[in-house]
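Understanding the architecture of this molecule
Listed here are the chains, written in short residue letters.
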Amino acid sequence: MKKKFFIILALLFMKINAFSQDVNIYTCAYFDGYWSDWNLTAASIKGDYSGFIVYLSSEGPWNYRFKFTIDNMAFPNKKQRNKDIKNGNYYVFSGTVEYYISDDEPSALENFRKKRGPYFVPAKLPNGRPTKKITSKATIKIAPFKNLPETYNIHFDKVGFGINLNGRYFPGLKFE
């Protein structure tokens, strides 16, 4: 009985641990007509395949840096997805994004140019200066996949934000 309890407790801890701390995801930025290189980024994510927030665990999910939501997400069956993989056909959706700007970081485009990659201002700056939340329409392109989505290209406000989950998956959802 103790052995079963320990195994269940260990499995529960591993599941909670996998989605509650920093994970290594790859990110890149599109601006001025070019994509930056993919960079390994320590960030936490919460949500599901139809949208999630990206935040630093030290700041917490209530102080997220970036959020996106897909409207009416649906994928074809597995047979069609396999064809899409061969042909490189991305799945295209509309949705919304939320991110923050400040006086020093006035737009996503300027931030990406300055950092030469993706950069988002936190909702609350450490020095107490105010930020402004921007909500914009977005086009979300998801790379073709066999079982679960992994790569997202999110285009908004003259930039693109690429996210690769690097093998991380949200629990409890399968696409048949």
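This write-up is about the structure you can find in this document. If you're wondering where the values come from, they're calculated on a predicted model, not measured in any experiment.

Within the span of helix α3 (residues 108-115), buried status applies to A108, L109, N111 and F112. Down the axis of α3, the buried set is contained in an arc of 165 degrees. They therefore lie on one face. Next to the buried residues of α3 lie β1 (23-31), β6 (91-101), β8 (151-156) and β9 (159-164). Just beyond α3, the residue with positive phi is R116, at close to 55 degrees.

On to the nonpolar core. Counting 37 residues, the largest nonpolar core has F52, F66, F68, Y99, Y152, I154 and F156 as the members making the most contacts within it. Among the elements that take part in this core, β6 stands out by supplying five residues, more than any other. Beyond its immediate chain neighbours, meaning those up to four positions away, F68 contacts S50, G51, F52, T96, V97, I140, Y152 and I154. Within the second largest apolar cluster, seven residues are counted, among which are I53, Y100, A123 and L125.

The topology assignment puts D84 in helix α2 (residues 78-87). Here D84 sits buried without a salt bridge, and the closest side chain of opposite charge, R81, lies 7.4 Å off (N-O distance). Residues contacting D84, with those up to four places away along its chain left out, are P76, N89, Y91 and P144.

Unlike most non-glycine residues, N72 shows phi in positive territory, near 50 degrees. Its place among the elements puts N72 in the loop between β5 (66-70) and α2. If you check the backbone angles, K158 has positive phi at about 70 degrees while not being a glycine. Looking at where K158 falls in the secondary structure, it is placed in the loop between β8 and β9. According to the relative accessible area criterion, K158 is exposed, its value standing at 72%.

Scanning the entire structure with this criterion turns up six salt bridges. Two residues, E59 and R65, come together in a salt bridge whose shortest N-O distance is 2.8 Å. Here the two residues E59 and R65 agree in accessibility, since each one is buried. A salt bridge links R129 to D104; the shortest N-O distance between them is 2.6 Å. With R129 in the loop between α3 and β7 (132-142) and D104 in the loop between β6 and α3, the pair connects residues that are 25 residues apart, well separated along the chain. Classification of R129 by relative accessible area gives partly exposed; the value is 30%. Here the salt bridges share partners, and the residues they tie into one network are D32, E110 and R113.

A full pass over the atoms with the stated rule returns 21 aromatic pairs. Residues F75 and Y91 carry aromatic rings whose centres are separated by 5.3 Å and whose planes lie at 75 degrees to one another, so their mutual orientation is edge-to-face. Of this pair, F75 sits in the loop between β5 and α2 while Y91 sits in strand β6; the two residues are 16 residues apart in sequence, bridging distant segments of the chain. Neither F75 nor Y91 differs from the other in exposure class; each is buried. Taking 4.9 Å as the distance between ring centres and 90 degrees as the angle between the ring planes, the aromatic pair formed by F75 and F145 counts as edge-to-face.

What counts, and where the lines are drawn
- Residues numbered from 1 in each chain as written.
- Predicted model: local features only at pLDDT ≥ 70, side-chain atom pairs only at ≥ 80, totals over all residues.
- Heavy atoms only, no water.
- Buried < 20%, exposed > 50% of the residue type's maximum accessible area, 1.4 Å probe, protein only.
- Helix = DSSP H or I, 4+ residues; strand = E, 2+ residues; numbered from the N terminus.
- Arc of directions from axis to C-beta.
- Contact = heavy atoms within 4.5 Å.
- Core = buried A, V, L, I, M, F, W, Y, C linked by side-chain atoms within 4.5 Å.
- Lys, Arg positive; Asp, Glu negative; His and termini not counted.
- Salt bridge = Lys/Arg side-chain N within 4 Å of Asp/Glu carboxyl O.
- Phe/Tyr/Trp six-rings, centres within 6.5 Å; stacked < 30°, edge-to-face > 60°.

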